[in-house]
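Breakdown of the fold
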Amino acid sequence: MKRSEEPAADGGTPEPTSPFQRVADEDVGSGQRFRQAVDLWLLAPARIIWSDWRARIGTLIILLFLAMGTVGPMVTREPSPNTGPRLLKPFENVQYLLGTDPKGQGILVSIVHATPPMLQMILGGAVFTIAVATVVGIVAGYKAGWTETVLMTITDIMMTIPGLPLIIVVAAIVRPESPFVVGVLISINAWAGLARAVRSQVLTLRNAPYVEASRTMGLGVPSILTRDVLPNLMPYILVNFVGAARGVIFGSVGLYFLGVLPFSNLNWGVMITRAYNSGALYSGRIRHWLFVPLFTVILLSFGLILFAQGCDRLFNPRVRARHSTTLDEEDVETEPEDGQVTATVDQP
Amino acid sequence: MTSTRYYTKRLGQSVVTVFAVVTLSFVLIRLMPGGPVDYLRAQYIQQNLSPEEVQEKIALYTNIRTDETILEQYVGYMTSLAQFDLGRSIFYDRSVSAILGEAIPWTVLYMSIALCLMFVIGVSLGAFMAYREGSYFDTLSTLTAIVANSVPYYIAAILLVYALGFELSVLPTSGRMNPDTVVGMNVQFVLGVFAHAALPVLSLVVTGFGGKAITMRGNAISELGEDYLRVARLRGLSERRIALRYVARNAILPMYTGMMISIGTMFGGSVILEMIFAYPGVGYYVFKSISARDYPLMMGGFILITVAVVIGVLIADLTYGKLDPRAGGESDEAF
């Protein structure tokens with residue numbers, strides 16, 4: 001441990017150790033590195049999210065549905081017809097907490113068992129949306145010229161085509177059954193708006209000093225995109241994942257409601273359709289059969305919006321910076337940058 | 001000059017979009033294995049028709065002559081569409097353009113009312129929220145907006161039918177006009193039309209204004225912090241002028257992209273909405289065509305809704321060019 005007595009060449013304070021020794025000062029074992037990674041990538045964001053009431057409630061709602069979709073079917077028995085009393089009202093019987101439908105199936109159990117296919121649909125659709133939008137947006141934003149023109153023209157066309165009729169027409173012909181395929185189908189043109197927004201983000205990032213530095217260092221386009229550009233888009237993409245998820249929920253329930261998709265498995269949309277077509281709206285005896293799945297859809301969608309709103313605000317450096325000095329930061333809102341950056345989803 | 005180029009570009013894009021959609025509809029009808037043409041052929045063969053008769057029937061309904069080459073079929077299909085011939089509905093056995101041509105004004109009517117109301121309410125509420133940022137009014141409105149935005153429009157429609165149509169019976173829940181009135185420009189008829197459009201409009205506005213308000217609020221808040229406003233105040237401009245000319249205008253402009261997407265999603269939503277309200281517009285016929293497997297009507301509805309959306313977006317685009325001075329030059333960025 002010999003210390004250098006001479007001042008450093010740049011006139012700064014003398015280094016306590018030589019650079020080589022300093023690395024060995026801290027003994028970072030693999031276990032500690034793992035803990036650091038967990039802290040940096042999981043705990044810190046979680047802590048930030050938890051500090052915002054919107055994101056906190058949203059997270060709780062989403063976790064509830066995740067639990068319903070994973071643990072739920074294991075701890076409850078799959079509903080089968082004629083196993084319980086018919087048309088029991090909600091909150092009358094502990095075993096059938098939300099009542100039963102005309103076939104004597106518990107409504108709560110039906111909702112729980114319909115959650116996994118819904119989560120699969122969301123996963124399929126949201127992953128598809130994010131993947132296509134990110135690739136198209138980044139490539140179009142980073143590569144100028146013909147690539148950009150062609151990609152953006154396709155994006156604009158996809159953005160203009162009204163989604164639902166296109167989905168109906170394709171679904172009526174393809175008649176998909178797998179939840180993943182249904183999810184992808186519903187997102188068939190949902191990626192376009194996000195791709196445009198990603199592109200405009202990339203356009204601003206393209207000229208950032210550190211990207212320029214990477215370019216000067218001679219790094220290739222793929223590594224610049226994956227190392228410099230993509231990490232900056234991640235929070236943004238995450239928020240939009242939630243928006244895409246909501247689009248899939250709205251779309252799938254709507255498609256089942258229209259009767260476009262085959263009633264292959266238990267689904268909230270199927271429950272709503274069956275109840276609606278049995279005249280549940282006009283009959284107090286079966287109304288709960290309709291209203292419970294309706295409010296389930298609203299609750300999940302509410303949770304997703306709250307989560308996205310909270311995250312968007314926390315990830316948005318401009319909003320954070322602007323309100324860092326003010327005392328009241330509880331009611332700061334998201335700041336959309338391209339008209340589409342918002343966490344809210346266009347209705348319908 | 002540059003603005004002419006901007007308009008030409010937008011117009012060209014609309015034409016390309018319509019072209020792409022029509023081509024897509026051809027691919028779906030003709031080339032999908034087990035798709036409409038195959039389905040129709042199987043139907044007619046079951047009815048013991050001769051191959052020539054089957055071809056004639058298919059050509060009558062879908063504008064596709066299966067005995068020609070694919071390219072000739074495509075050209076023939078496009079030609080008949082260019083002449084506003086959308087084929088023939090199997091279920092109604094009437095020309096698709098006649099059915100839908102009569103239906104589209106009704107859809108456009110309530111959709112444009114809903115779109116205007118949604119934007120006016122959303123933008124003004126958002127602006128008020130931004131000016132009262134942090135107040136109880138702001139918190140309460142934000143929460144209301146989020147809750148309203150979480151409800152799918154068709155669920156709102158069902159709930160509105162239940163509440164306003166069934167429990168209170170203040171508004172009609174089906175049809176598009178009062179059957180007792182004479183069609184024409186008389187008060188009873190117009191009132192009946194608006195009463196029938198009220199629930200569809202309400203379900204779209206109630207679920208849609210929240211998103212617009214939150215976006216507007218965010219835009220306006222970030223505009224309010226800009227330096228040029230300080231300069232404008234120092235110049236002694238009135239608050240009113242600043243609010244309308246500076247804040248509102250700059251906050252609304254980025255929402256135009258959102259509006260273009262809204263036009264598409266709202267018109268697309270007409271299928272579910274018109275089914276719930278039994279409102280015979282374009283969406284209603286698309287819904288009818290699904291269960292009847294009436295592919296010509298379905299494709300016609302799809303094409304017509306797309307064209308309506310393209311025209312709507314084009315109008316929005318051209319007015320945007322008027323509002324935003326930057327749109328003429330750097331059109332690519334300002335979209």
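Every residue gets a number counted from 1 within its own chain, in the order that chain's sequence is written. The order in which chains are written sets their letters, starting at A; the order in which ligands are written sets their numbers, starting at 1. Per-residue local features are limited, in this predicted model, to residues with pLDDT of at least 70; the limit for side-chain atom pairs, both in listing and counting, is 80 or more; totals at the level of whole chains, interfaces and linings are taken over all residues. Each side-chain value is worked out from all heavy atoms of the structure, with water and hydrogens disregarded.

All right, on to the overall build of chain B then. For the purposes of this entry, the term helix denotes a DSSP run of H or I that reaches at least four residues, the term strand denotes a run of E that reaches at least two, and both are numbered from the N terminus. From N to C terminus, chain B includes 15 helices and 0 strands. When checking whether two residues touch, look at their non-hydrogen atoms; a contact exists if any pair is within 4.5 Å. Taking all contacts inside chain B whose residues are at least 6 apart in sequence as the whole, residues at least 24 apart take part in 71%. Computed with the Shrake-Rupley method and a 1.4 Å probe, the accessible areas treat only the protein chains shown as cover for residues. Of the roughly 15000 Å² that chain B leaves accessible, carbon and sulfur atoms contribute 65%. Note that His is not counted, nor are the chain ends; the positive residues are Lys and Arg, and the negative ones are Asp and Glu. For charged residues, the charge sits on one atom: NZ in Lys, CZ in Arg, CG in Asp, CD in Glu. Across chain B, the centroid of the 24 positively charged side chains sits 9 Å from that of the 25 negatively charged ones.

Moving on: unusual backbone geometry. All names here are of chain B. One non-glycine residue, Asp-93, lies in the positive phi region at around 50 degrees. In the Ramachandran plot, Ala-278 falls in the positive-phi region, its phi being about 45 degrees despite a non-glycine side chain. Structurally, Ala-278 can be placed in the loop between helix H11 (255-276) and helix H12 (282-292). Under the scheme applied here, a residue whose accessible area is under 20% of the maximum for its type counts as buried, over 50% as exposed, and between as partly exposed, the area being computed with a 1.4 Å probe on protein chains only. Of the residues examined, Ala-278 reaches a relative accessible area of 30% and is grouped as partly exposed.

All right, on to the interface of chain B and chain A then. How big an interface is tends to be expressed through the accessible area that disappears when the partners come together. Facing the 74 residues of chain B at the interface are 65 residues of chain A. The quantity reported as buried area is the accessible area (1.4 Å probe) lost by two parts once they are put together, taken as the sum for both. Both sides of the chain B and chain A interface together cover about 5900 Å² of buried area, and 72% of this is carbon and sulfur. Take a side-chain nitrogen of Lys or Arg and a carboxyl oxygen of Asp or Glu: if they are within 4 Å of each other, that pair is a salt bridge. Between the two partners, chain B and chain A, sit 0 salt bridges. For the side of chain B that touches chain A, the secondary-structure elements that each account for two or more residues are helix H1 (2-31), helix H6 (136-150), helix H7 (153-167), helix H8 (187-224), H11, H12, helix H13 (295-323) and helix H15 (331-334) of chain B. In terms of residue class, the side of chain B that touches chain A is made up of 42 nonpolar, 23 polar and 9 charged. Nonpolar residues are Ala, Val, Leu, Ile, Met, Phe, Trp, Tyr, Cys and Pro. Charged residues are Asp, Glu, Lys and Arg, and all others, Gly as well, are polar.

Residue and element names in this part refer to chain A. Note on geometry: axes are C-alpha line fits, over the in-contact stretch for helices, and angles between N-to-C directions span 0 to 180 degrees. Direction vectors running N to C along helix H6 (residues 146-160) and helix H9 (residues 191-206) enclose 140 degrees, while the axes themselves pass 8 Å from each other. It follows that H6 is oblique to H9 by the angle criterion. H9 is crossed by H6, and the crossing has left-handed handedness. The residues of H9 that touch H6, namely those facing Glu-148, Met-152, Ile-154, Thr-155, Asp-156, Met-158 and Met-159, are Trp-191, Ala-192, Gly-193, Ala-195, Arg-196 and Arg-199. Per-class residue counts for the contact of H6 with H9 are 7 nonpolar, 2 polar and 4 charged. Oblique is the label for any angle not covered by the other classes, which are roughly parallel (under 35 degrees), roughly antiparallel (over 145) and roughly perpendicular (65 to 115). Put simply, a crossing is left-handed when the front helix is turned counterclockwise from the back one by less than a right angle, and right-handed when it is turned clockwise.

Picture a little ball the size of a water molecule; that probe, rolled over the atoms, points out where space is still empty. Definitions used throughout: a 1 Å grid over protein atoms alone; a cavity as a set of points that fits a 1.4 Å probe which cannot get out; a pocket as an open set with protein on both sides within 12 Å along at least five of seven lines; a lining residue as one with an atom within 4 Å of a point. Grid points are joined across faces, edges and corners, and a volume is the space filled by probe spheres set on the points. One pass over the structure, following the stated rule, counts 5 cavities of 30 Å³ or more. By volume, the second largest cavity amounts to about 160 Å³. Taken together, 15 residues make up the lining of the second largest cavity; nearest its centre are Asp-156 and Thr-160 of chain A together with Gln-13, Val-313 and Asp-317 of chain B. When residues of the lining of the second largest cavity are traced back to their parent elements, those giving at least two are H6 of chain A together with H1, H11 and H13 of chain B. For the lining of the second largest cavity, the class distribution of residues is 8 nonpolar, 4 polar and 3 charged.

Before going further, it helps to spend a moment on the packing of aromatic side chains. The pairing test for Phe, Tyr and Trp rings, Trp by its six-membered ring, is centres within 6.5 Å, and the orientation test on the planes gives stacked under 30 degrees, edge-to-face over 60, and tilted for anything in between. Under the defined criterion, the tally for this structure stands at 12 aromatic pairs over all chains. Measuring from ring centre to ring centre gives 5.0 Å for Tyr-110 of chain B and Tyr-279 of chain B, while their planes differ by 75 degrees; the resulting arrangement is edge-to-face. With Tyr-110 of chain B in helix H5 (residues 96-131) and Tyr-279 of chain B in the loop between H11 and H12, the pair connects residues that are 169 residues apart, well separated along the chain. As far as the burial class goes, Tyr-110 of chain B and Tyr-279 of chain B line up, both buried. Pairwise contacts between aromatic rings join Phe-257 and Tyr-276 of chain A together with Tyr-153 and Tyr-154 of chain B into one cluster.

This part covers helix H7 (residues 163-174) of chain A. All names here are of chain A. One less than the number of residues in a helix, times 1.5 Å, gives the span that helix is expected to have. End to end, H7 covers 16 Å across 12 residues, agreeing with the expected 16 Å (1.5 Å per residue, within 8%). Burial within H7 is extensive, with 11 of its 12 residues counted as buried. Those residues of H7 lying buried are Gly-163, Leu-164, Pro-165, Leu-166, Ile-167, Ile-168, Val-169, Val-170, Ala-171, Ala-172 and Ile-173. The first or second residue beyond H7 is Arg-175, which carries a positive phi of 50 degrees.

Residues and elements named next belong to chain A. As enumerated under the stated definition, the model contains 4 salt bridges over all chains in all. As a salt-bridge pair, Arg-196 and Asp-156 come within 2.8 Å of each other at their nearest N and O atoms. Here the residue Arg-196 occupies a position in helix H9, and Asp-156 occupies one in helix H6, the gap between them amounting to 40 residues. Note on Arg-196: relative accessible area 8%, which makes it buried.

With that settled, consider helix H3 (residues 51-62) of chain B. Along an α-helix, residues three or four positions apart point the same way, because every turn accommodates 3.6 residues. Residue and element names in this part refer to chain B. Spanning 12 residues, H3 covers 16 Å between terminal C-alpha atoms, matching the ideal 16 Å at 1.5 Å per step. Along H3, the residues that are buried comprise Val-54, Ile-58, Ala-59, Tyr-61 and Thr-62. Just downstream of H3, Asn-63 is the residue with a positive phi angle, here 65 degrees.

Together, Arg-235, Arg-241, Arg-245 and Arg-249 of chain B make up a region of like positive charge exposed at the surface. Here Arg-241 of chain B lies in helix H10 (residues 239-252). Patch membership needs two things, relative accessible area over 30% and no salt bridge, and members are linked within 9 Å if like-charged or within 5 Å if nonpolar (Val, Leu, Ile, Met, Phe, Trp, Tyr).

Residue and element names in this part refer to chain A. In this structure, Ile-61 sits in helix H3 (residues 53-70). Taking the C-alpha atoms as reference points, Ile-61 and Ile-224, separated by 163 residues in sequence, lie 37 Å from one another. When neighbours within four sequence positions are excluded, Ile-61 is seen to be in contact with Leu-299, Leu-300, Phe-302 and Gly-303.

A few words on the confidence of the model for chain A. Residue and element names in this part refer to chain A. The predicted model of chain A averages 74 in pLDDT, with 71% of residues at 70 or higher. Values of pLDDT, ranging from 0 to 100, describe the predictor's confidence in every residue of the model. At the level of individual helices and strands, chain A shows its lowest average pLDDT in helix H14 (residues 317-322), which scores 50, and its highest in helix H8 (residues 179-186), which scores 88. In the predicted structure, residues 1-8 sits below a pLDDT of 50 and forms 7 contacts with residues beyond four places in sequence or in another chain.

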